[in-house]
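# Topology and contacts: notes
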Amino acid sequence: MPRKFPVNQIIPFSCVDGPGNRTAVFLQGCNIDCRYCHNPETRNLCVHCGACVEKCPAQALYLQDGQIKFRPEACVRCDTCIHVCPRGASPRIREMDAAEIFAEIRKYVPYIRGVTVSGGECTLYPELLAPLFTLCREAGLHTLLDSNGMVPYASMPEVMAVTDGVMLDIKAYDPAVHRRVTGADNRQVLQNAAYLADAGKLEEIRTVIVPGLTDDAATIQGIANFLRPHMDIAALRYKLIAFRRNGVREAYRHYPQPDSAHMEALRQCAWRAGFRQIVVT
(Lines give C-alpha, C1' and ligand atoms only; values in the text may rest on other atoms or scores of the structure.)
Protein backbone atom coordinates (compact mmCIF):
# COMPACT_ATOMS: atom_id res chain seq x y z
CA MET A 1 0.00 0.00 0.00
CA PRO A 2 1.17 3.58 -0.63
CA ARG A 3 2.68 5.26 2.41
CA LYS A 4 0.40 7.75 4.15
CA PHE A 5 1.41 11.09 5.62
CA PRO A 6 -0.04 13.34 8.39
CA VAL A 7 -2.24 16.06 6.88
CA ASN A 8 -3.25 18.79 9.32
CA GLN A 9 -5.68 20.49 6.96
CA ILE A 10 -6.42 21.30 3.34
CA ILE A 11 -7.62 24.83 2.65
CA PRO A 12 -9.55 24.78 -0.65
CA PHE A 13 -9.01 28.42 -1.57
CA SER A 14 -6.20 30.65 -0.33
CA CYS A 15 -4.91 33.97 -1.64
CA VAL A 16 -2.03 34.28 0.87
CA ASP A 17 -0.07 31.10 0.10
CA GLY A 18 1.43 32.14 -3.21
CA PRO A 19 0.27 33.84 -6.41
CA GLY A 20 -3.36 33.57 -7.44
CA ASN A 21 -6.08 31.45 -5.93
CA ARG A 22 -4.54 28.25 -4.56
CA THR A 23 -5.29 25.15 -2.56
CA ALA A 24 -3.01 24.96 0.47
CA VAL A 25 -2.05 21.65 2.07
CA PHE A 26 -0.66 21.78 5.62
CA LEU A 27 1.37 18.81 6.86
CA GLN A 28 1.97 17.97 10.52
CA GLY A 29 5.43 18.00 12.10
CA CYS A 30 8.32 20.46 12.13
CA ASN A 31 12.08 20.32 12.71
CA ILE A 32 12.54 23.67 14.49
CA ASP A 33 10.70 25.56 17.22
CA CYS A 34 10.05 29.19 16.30
CA ARG A 35 9.00 31.29 19.27
CA TYR A 36 6.53 33.24 17.17
CA CYS A 37 5.06 30.23 15.36
CA HIS A 38 1.53 31.09 14.23
CA ASN A 39 0.61 27.41 13.77
CA PRO A 40 2.20 25.88 16.91
CA GLU A 41 -0.24 22.96 16.84
CA THR A 42 1.50 21.72 13.66
CA ARG A 43 4.97 21.42 15.26
CA ASN A 44 4.69 18.06 17.00
CA LEU A 45 3.26 14.74 15.93
CA CYS A 46 0.49 13.18 17.99
CA VAL A 47 1.79 10.29 20.12
CA HIS A 48 -1.72 8.84 20.63
CA CYS A 49 -1.71 9.22 24.40
CA GLY A 50 -5.50 9.66 24.35
CA ALA A 51 -5.61 12.70 26.65
CA CYS A 52 -7.77 14.60 24.17
CA VAL A 53 -10.36 11.93 23.44
CA GLU A 54 -12.57 12.23 26.50
CA LYS A 55 -12.22 16.03 26.48
CA CYS A 56 -13.59 16.47 22.96
CA PRO A 57 -17.09 17.97 23.37
CA ALA A 58 -18.15 16.88 19.88
CA GLN A 59 -16.81 13.31 20.15
CA ALA A 60 -14.86 13.89 16.96
CA LEU A 61 -11.92 11.88 18.31
CA TYR A 62 -11.76 8.22 19.26
CA LEU A 63 -9.20 5.51 19.96
CA GLN A 64 -8.90 2.51 17.68
CA ASP A 65 -6.17 -0.10 18.14
CA GLY A 66 -4.16 2.37 20.20
CA GLN A 67 -4.39 5.12 17.57
CA ILE A 68 -6.40 8.33 17.75
CA LYS A 69 -8.82 8.65 14.85
CA PHE A 70 -10.49 11.85 13.70
CA ARG A 71 -14.03 12.36 12.41
CA PRO A 72 -13.83 15.68 10.48
CA GLU A 73 -17.60 15.84 9.96
CA ALA A 74 -18.19 15.96 13.74
CA CYS A 75 -15.49 18.53 14.61
CA VAL A 76 -16.62 22.00 15.74
CA ARG A 77 -13.03 23.44 15.67
CA CYS A 78 -13.13 24.45 19.34
CA ASP A 79 -9.42 23.50 19.76
CA THR A 80 -10.05 21.81 23.11
CA CYS A 81 -7.96 18.85 21.94
CA ILE A 82 -4.96 21.10 21.28
CA HIS A 83 -5.27 22.91 24.62
CA VAL A 84 -5.27 19.66 26.62
CA CYS A 85 -2.53 17.94 24.60
CA PRO A 86 0.69 17.61 26.66
CA ARG A 87 2.67 18.24 23.46
CA GLY A 88 0.49 21.06 22.14
CA ALA A 89 -0.11 18.97 19.02
CA SER A 90 -3.23 18.69 16.95
CA PRO A 91 -4.77 15.21 16.88
CA ARG A 92 -7.06 16.34 14.04
CA ILE A 93 -4.87 14.60 11.50
CA ARG A 94 -5.82 12.61 8.43
CA GLU A 95 -3.32 10.04 7.23
CA MET A 96 -3.37 10.41 3.44
CA ASP A 97 -1.25 9.42 0.46
CA ALA A 98 -0.56 11.58 -2.60
CA ALA A 99 -3.50 10.21 -4.59
CA GLU A 100 -5.93 10.85 -1.73
CA ILE A 101 -4.71 14.42 -1.27
CA PHE A 102 -4.93 15.08 -4.99
CA ALA A 103 -8.46 13.66 -5.08
CA GLU A 104 -9.45 16.56 -2.79
CA ILE A 105 -7.46 19.10 -4.79
CA ARG A 106 -9.09 17.90 -8.02
CA LYS A 107 -12.47 19.21 -6.81
CA TYR A 108 -11.12 22.76 -6.95
CA VAL A 109 -9.08 22.59 -10.16
CA PRO A 110 -11.43 24.79 -12.23
CA TYR A 111 -11.09 27.57 -9.65
CA ILE A 112 -7.42 27.52 -8.64
CA ARG A 113 -4.13 28.44 -10.24
CA GLY A 114 -1.95 26.18 -8.16
CA VAL A 115 -1.16 24.22 -5.03
CA THR A 116 1.05 25.16 -2.09
CA VAL A 117 2.26 22.62 0.47
CA SER A 118 3.17 24.02 3.87
CA GLY A 119 3.26 22.81 7.47
CA GLY A 120 4.73 22.21 9.94
CA GLU A 121 7.63 21.63 7.57
CA CYS A 122 6.64 20.12 4.26
CA THR A 123 10.13 19.02 3.17
CA LEU A 124 10.20 16.40 5.93
CA TYR A 125 8.06 14.36 3.54
CA PRO A 126 9.79 14.24 0.14
CA GLU A 127 8.23 10.83 -0.57
CA LEU A 128 4.85 12.58 -0.58
CA LEU A 129 5.81 15.78 -2.37
CA ALA A 130 7.22 14.24 -5.55
CA PRO A 131 4.15 12.15 -6.49
CA LEU A 132 1.70 14.81 -5.30
CA PHE A 133 3.30 17.57 -7.37
CA THR A 134 3.57 15.23 -10.34
CA LEU A 135 -0.22 14.79 -10.22
CA CYS A 136 -0.69 18.54 -9.81
CA ARG A 137 1.47 19.37 -12.79
CA GLU A 138 -0.32 16.83 -14.93
CA ALA A 139 -3.50 18.76 -14.10
CA GLY A 140 -1.86 22.04 -15.18
CA LEU A 141 -1.40 23.38 -11.65
CA HIS A 142 1.47 25.57 -10.47
CA THR A 143 3.34 24.02 -7.50
CA LEU A 144 4.97 25.77 -4.53
CA LEU A 145 6.57 24.79 -1.24
CA ASP A 146 6.35 27.01 1.84
CA SER A 147 9.45 25.95 3.76
CA ASN A 148 11.79 26.85 6.61
CA GLY A 149 14.77 25.68 4.56
CA MET A 150 16.16 23.32 7.19
CA VAL A 151 16.28 20.26 4.89
CA PRO A 152 18.82 20.29 2.02
CA TYR A 153 16.87 20.65 -1.21
CA ALA A 154 19.80 19.27 -3.20
CA SER A 155 19.12 15.91 -1.53
CA MET A 156 15.64 15.69 -3.08
CA PRO A 157 16.05 16.15 -6.85
CA GLU A 158 12.78 14.32 -7.58
CA VAL A 159 10.89 16.94 -5.56
CA MET A 160 12.73 19.89 -7.06
CA ALA A 161 12.05 18.61 -10.57
CA VAL A 162 8.29 19.03 -10.09
CA THR A 163 8.37 22.12 -7.85
CA ASP A 164 7.89 25.46 -9.58
CA GLY A 165 9.22 27.44 -6.64
CA VAL A 166 9.86 27.71 -2.91
CA MET A 167 8.69 30.43 -0.57
CA LEU A 168 11.67 30.36 1.78
CA ASP A 169 11.61 31.61 5.37
CA ILE A 170 14.85 33.31 6.34
CA LYS A 171 14.09 34.15 9.93
CA ALA A 172 17.45 35.78 10.68
CA TYR A 173 20.81 36.19 8.98
CA ASP A 174 22.97 36.10 12.09
CA PRO A 175 23.30 32.48 13.29
CA ALA A 176 23.02 33.50 16.94
CA VAL A 177 19.78 35.38 16.30
CA HIS A 178 18.44 32.45 14.28
CA ARG A 179 19.19 30.12 17.21
CA ARG A 180 17.40 32.50 19.56
CA VAL A 181 14.33 32.52 17.34
CA THR A 182 14.23 28.84 16.34
CA GLY A 183 16.65 26.83 18.47
CA ALA A 184 18.68 25.93 15.37
CA ASP A 185 21.50 27.25 13.18
CA ASN A 186 20.71 28.82 9.79
CA ARG A 187 23.59 27.48 7.70
CA GLN A 188 21.34 25.07 5.81
CA VAL A 189 18.76 27.80 5.20
CA LEU A 190 21.32 30.03 3.51
CA GLN A 191 22.72 27.15 1.47
CA ASN A 192 19.20 26.43 0.28
CA ALA A 193 18.64 30.09 -0.59
CA ALA A 194 21.67 30.03 -2.89
CA TYR A 195 20.67 26.66 -4.35
CA LEU A 196 17.16 27.92 -5.17
CA ALA A 197 18.44 31.18 -6.64
CA ASP A 198 20.84 29.23 -8.87
CA ALA A 199 17.99 26.99 -10.00
CA GLY A 200 15.61 29.90 -10.61
CA LYS A 201 13.19 28.53 -8.02
CA LEU A 202 13.44 31.07 -5.22
CA GLU A 203 9.83 32.20 -5.47
CA GLU A 204 10.01 34.47 -2.46
CA ILE A 205 12.09 35.20 0.64
CA ARG A 206 10.04 35.70 3.80
CA THR A 207 11.04 37.26 7.11
CA VAL A 208 8.70 37.74 10.07
CA ILE A 209 9.37 41.03 11.84
CA VAL A 210 9.32 40.64 15.64
CA PRO A 211 10.61 43.72 17.49
CA GLY A 212 12.67 42.68 20.49
CA LEU A 213 13.35 39.18 19.16
CA THR A 214 14.78 39.56 15.65
CA ASP A 215 17.42 41.95 14.30
CA ASP A 216 15.56 42.87 11.14
CA ALA A 217 17.71 45.55 9.53
CA ALA A 218 20.78 43.32 9.93
CA THR A 219 18.86 40.36 8.50
CA ILE A 220 17.73 42.33 5.46
CA GLN A 221 21.24 43.63 4.76
CA GLY A 222 22.84 40.26 5.43
CA ILE A 223 20.51 38.44 3.04
CA ALA A 224 21.08 41.11 0.39
CA ASN A 225 24.86 40.78 0.68
CA PHE A 226 24.67 36.99 0.60
CA LEU A 227 22.43 36.88 -2.46
CA ARG A 228 24.01 39.87 -4.27
CA PRO A 229 25.34 37.79 -7.20
CA HIS A 230 21.82 36.51 -7.86
CA MET A 231 20.19 39.92 -7.39
CA ASP A 232 22.46 41.29 -10.10
CA ILE A 233 20.97 38.73 -12.52
CA ALA A 234 17.25 38.83 -11.61
CA ALA A 235 15.05 40.61 -9.10
CA LEU A 236 14.24 38.57 -5.99
CA ARG A 237 10.94 39.09 -4.20
CA TYR A 238 11.20 39.79 -0.48
CA LYS A 239 8.15 39.65 1.79
CA LEU A 240 8.34 41.36 5.18
CA ILE A 241 5.63 39.97 7.46
CA ALA A 242 4.55 41.86 10.58
CA PHE A 243 4.37 39.67 13.68
CA ARG A 244 0.83 39.15 14.90
CA ARG A 245 -0.18 37.49 18.16
CA ASN A 246 -2.98 35.41 16.59
CA GLY A 247 -2.37 31.74 17.32
CA VAL A 248 0.99 32.32 19.01
CA ARG A 249 1.70 30.41 22.22
CA GLU A 250 0.92 32.33 25.40
CA ALA A 251 4.56 32.42 26.50
CA TYR A 252 5.50 34.42 23.39
CA ARG A 253 2.58 36.82 23.04
CA HIS A 254 4.42 39.58 24.89
CA TYR A 255 6.37 40.55 21.79
CA PRO A 256 5.05 43.82 20.30
CA GLN A 257 3.38 43.94 16.92
CA PRO A 258 5.33 46.29 14.62
CA ASP A 259 3.40 49.36 13.51
CA SER A 260 3.15 50.65 9.95
CA ALA A 261 5.97 53.15 10.44
CA HIS A 262 8.33 50.38 11.56
CA MET A 263 7.39 48.23 8.58
CA GLU A 264 7.82 51.14 6.17
CA ALA A 265 11.29 51.82 7.58
CA LEU A 266 12.23 48.19 6.93
CA ARG A 267 10.76 48.35 3.42
CA GLN A 268 13.06 51.30 2.72
CA CYS A 269 15.94 49.36 4.26
CA ALA A 270 15.25 46.48 1.87
CA TRP A 271 15.14 48.91 -1.06
CA ARG A 272 18.47 50.45 -0.12
CA ALA A 273 19.90 46.94 0.22
CA GLY A 274 19.03 46.28 -3.41
CA PHE A 275 15.68 44.48 -3.35
CA ARG A 276 13.23 45.79 -5.94
CA GLN A 277 10.26 43.46 -5.40
CA ILE A 278 9.26 44.12 -1.79
CA VAL A 279 5.95 43.09 -0.23
CA VAL A 280 4.94 44.26 3.26
CA THR A 281 2.08 42.51 5.05
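Attention in this report is confined to the structure presented alongside it.

How each quantity is defined
Residues numbered from 1 in each chain as written. Predicted model: local features only at pLDDT ≥ 70, side-chain atom pairs only at ≥ 80, totals over all residues. Heavy atoms only, no water. Axes fitted to C-alpha atoms, helices over the stretch in contact; angles between N-to-C directions. Helix = DSSP H or I, 4+ residues; strand = E, 2+ residues; numbered from the N terminus. Left-handed = near helix turned anticlockwise from the far one by under 90°. Contact = heavy atoms within 4.5 Å. Phe/Tyr/Trp six-rings, centres within 6.5 Å; stacked < 30°, edge-to-face > 60°. Buried < 20%, exposed > 50% of the residue type's maximum accessible area, 1.4 Å probe, protein only. Pairing = 2+ DSSP bridges. Expected span 1.5 Å × (residues − 1).

### Topic: the packing of helix α2 (residues 98-106) against helix α3 (residues 126-138)
For any two helices packed against each other, the geometry comes down to the angle between their axes and how far apart the axes lie. Contact geometry for α2 and α3: axes closest at 9 Å, N-to-C directions at 35°. As for how α2 packs across α3, the hand of that crossing is right-handed. Contact residues: A98, A99, I101, F102 and I105 in α2; L128, P131, L132, L135 and C136 in α3.

### Focus on the packing of aromatic side chains
Aromatic rings considered in pairs are described by the distance between their centres and by the relative angle of their planes. All told, the structure shown has six aromatic pairs when counted by the stated rule. Ring centres of F13 and Y108 lie 5.4 Å apart, and the angle between their planes is 70°; on these two criteria the pair is classed as edge-to-face. One end of the pair, F13, is in strand β1 (residues 5-14); the other, Y108, is in the loop between α2 and β6 (114-118), and 95 residues separate them in sequence. Take Y108: its relative accessible area is 15%, and that puts it in the buried class. Where F13 meets Y111, the ring centres are 6.4 Å apart and the plane angle is 80°; that geometry is what we call edge-to-face.

### With respect to the pairing of strand β2 (residues 22-27)
Counting buried positions along β2 gives six out of six residues, so the element sits mostly inside the fold. Side chains R22, A24 and F26 project from β2 onto one buried face, and the interleaved T23, V25 and L27 project onto a second face that is buried too. Direction of pairing for β1 relative to β2: antiparallel, over a ladder of five bridges. Bridge pairing in β2 places I10 opposite V25. As defined by bridge partners, β2 adjoins β6 across five bridges and the pair is classed as parallel. Bridge pairing links V25 to V117 in β6.

### Some thoughts on helix α6 (residues 187-199)
With 13 residues, α6 should reach 18 Å at 1.5 Å per residue; the first-to-last C-alpha distance of 19 Å fits that figure. When α6 is considered as a whole, its buried residues turn out to be V189, L190, N192, A193, A194, L196 and A197. For α6, the secondary structure elements touched by its buried residues are α4 (157-161), β8 (165-169), α5 (175-182), β9 (202-209), α7 (216-226) and α8 (228-231). Two residues or fewer past α6, G200 is found with a positive phi of approximately 70°.

### So, the pairing of β1
Across three bridges, the pairing between β1 and strand β5 (residues 94-96) is antiparallel. What sits directly across from F5, in β5, is M96.

### Focus: the environment of P126
Tracing the sequence through the fold places P126 in helix α3. According to the relative accessible area criterion, P126 is partly exposed, its value standing at 25%. In sequence terms P126 and P258 are 132 residues apart; their C-alpha atoms lie 35 Å from each other. Residues in contact with P126, not counting those within four places in the same chain, are P131, M156 and V159.

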